[in-house]
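Architecture and fold: a report
Take a look at the letters that make up each chain.
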Amino acid sequence: LDSERIIFYGATSAGPDAELQDIAFFAYDVNNRRLLYSGRNGPARYMILAKSTGRLYYVPGGNDGELMRFDPETGEPPVPIGQTIGVRAATEETADGFVYAVSSGQRAGDAALWRFNTRTEQSEQIGTIAVGTEAYVASLDLAAGGRLLYYVPGAHGGGFRDGSPLVQFDLKSRTRKVIAFLHPFYEEKYGLIPKGTYSTAVSPEGDKVYITWNVSRGTRAWDCCGLSVVHIPESERRP
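Residues numbered from 1 in each chain as written. Predicted model: local features only at pLDDT ≥ 70, side-chain atom pairs only at ≥ 80, totals over all residues. Heavy atoms only, no water.

1. Some words on the sheet that holds strand S6 (residues 65-70)
- Taken in spatial order, the 4 strands of this open sheet run S4-S5-S6-S7, and their pairing is antiparallel. Here the strands that pair on one side only, and so sit at the sheet edges, are strand S4 (48-50) and strand S7 (79-85). Adjacent strand axes in the sheet meet at a mean angle of 30 degrees when their direction is disregarded.
- Sheet topology places strand S5 (residues 55-58) next to S6; 3 bridges connect them, and they run antiparallel. When the sheet's bridge partners are listed, Tyr57 is paired in S6 with Arg69. (Pairing = 2+ DSSP bridges. Helix = DSSP H or I, 4+ residues; strand = E, 2+ residues; numbered from the N terminus. Axes fitted to C-alpha atoms, helices over the stretch in contact; angles between N-to-C directions.)

2. With respect to a nonpolar patch on the surface
- Together, Leu1, Phe8 and Val30 make up an exposed nonpolar region whose accessible area comes to about 270 Å².
- For Val30, the position within the fold is in the loop between strand S2 (24-29) and strand S3 (34-39). (Patch = residues over 30% accessible without salt bridge, like charges linked within 9 Å, V, L, I, M, F, W, Y side chains within 5 Å. Areas by Shrake-Rupley, 256 points an atom, 1.4 Å probe, with all protein chains shown as cover. Salt bridge = Lys/Arg side-chain N within 4 Å of Asp/Glu carboxyl O.)

3. Examining the sheet that holds strand S8 (residues 89-90)
- The 4 strands lie next to each other as S8-S9-S10-S11, forming an open sheet whose pairing is antiparallel. Single-partner strands in this sheet number two, and they are S8 and strand S11 (122-128).
- Two strands pair when backbone bridges link them, and strand S10 (residues 112-117) and S11 are joined in this way by 6 bridges, in the antiparallel orientation. Bridge pairing in S11 places Arg115 opposite Glu124.

4. Thoughts on the pairing of S6
- Where S5 hands over to S6, the hairpin turn is made up of 6 residues, of which Gly61 adopts a positive phi near 75 degrees.
- Examined bridge by bridge, S6 and S7 share 4 bridges and lie antiparallel to one another. Across the sheet, Gly65 pairs through a bridge with Ile85, a residue of S7.

5. Concerning the side chain of Arg88
- One can find Arg88 in the loop between S7 and S8.
- Separated by 3.0 Å, the side chains of Arg88 and Tyr136 make a polar contact.
- Sequence-distant contacts of Arg88, defined by excluding residues within four places in its chain, comprise Arg45, Tyr46, Val102, Ser103, Ser104, Tyr136, Val137, Ala138 and Tyr198. (Polar contact = N/O pair within 3.5 Å; in protein donor to acceptor, adjacent residues only side chain to side chain. Contact = heavy atoms within 4.5 Å.)

6. Considerations on the environment of Arg237
- Structurally, the position occupied by Arg237 is in the segment after strand S18 (224-231).
- Those residues in contact with Arg237 that lie beyond four places of it in its chain are Arg147, Leu148, Tyr150, Glu205, Gly206, Asp207 and Ile232.

7. Side note on the side chain of Gln83
- You can see Gln83 is positioned in strand S7.
- Owing to a relative accessible area of 12%, Gln83 belongs among the buried residues under this scheme.
- Side chain to side chain, Gln83 and Gln122 meet in a polar contact 3.4 Å long.
- A distance of 2.9 Å separates the side chain of Gln83 from the backbone nitrogen of Ser123, its partner in a polar contact.
- Residue contacts for Gln83: discarding those within four places in its chain leaves Gly65, Glu66, Leu67, Glu121, Gln122 and Ser123. (Buried < 20%, exposed > 50% of the residue type's maximum accessible area, 1.4 Å probe, protein only.)

8. Some words on the state of the cysteines
- Considering all chains together, one arrives at 0 disulfides under this definition.
- Not engaged in a disulfide, the cysteine Cys224 finds its nearest cysteine sulfur in Cys225; these two sulfurs lie 6.7 Å apart.
- Exposure remark for Cys224: the relative accessible area of 21% places this residue in the partly exposed category. (Disulfide = S-S within 2.5 Å.)

The following block contains the structure:
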């Protein structure tokens with residue numbers, strides 16, 4: 001939802017009996033209850049919203065590809081902008097006009113970390129995200145100030161194989177480090193394994209990272225959800 005313009009963006013997956021099996025992208029004006037656009041070749045996962053301009057960006061399907069732009073001011077069909085990027089997850093736009101995104105990382109040795117400039121509409125790869133064997137990240141969060149990026153690899157249940165790590169990526173030095181390993185500590189103390197997450201958040205002060213986990217209590221897959229709060233020491237947040 002573009003909270004300033006009150007436009008809701010979404011993508012729908014076709015049912016098995018639908019004539020068209022494409023992913024449908026749509027834009028809906030909530031205030032005026034009016035469909036602005038609906039069309040084929042939508043995004044399988046995530047979208048980038050530039051709050052400064054109101055423009056929305058996505059890659060058709062679920063892999064890296066050419067970025068498409070939808071401008072609600074015109075309501076015209078999305079157009080390619082000639083930039084390759086991966087958008088499995090992305091941050092909000094920073095004050096200086098940057099959005100950070102990550103490629104899918106599933107069935108891959110690593111996943112690319114991207115920076116997209118909403119003012120120039122240029123993208124560049126600035127690093128990769130894996131710290132072990134897992135490269136699937138489904139949530140990215142920027143701390144206040146826009147220098148530190150946080151994520152948890154292994155979203156679909158493989159995170160424990162790397163120790164269920166919370167990773168901090170320094171965008172200035174383009175280096176990463178593990179802030180905390182939650183496995184096997186949680187299993188030994190509480191009898192549960194935090195296997196992966198699709199949802200993280202950073203406090204406004206940047207001193208806490210909230211992680212909603214898919215948890216296993218002895219089963220092969222996950223069988224419940226859990227919430228952890230990781231406190232980031234000031235020493236780990238200094239420039």
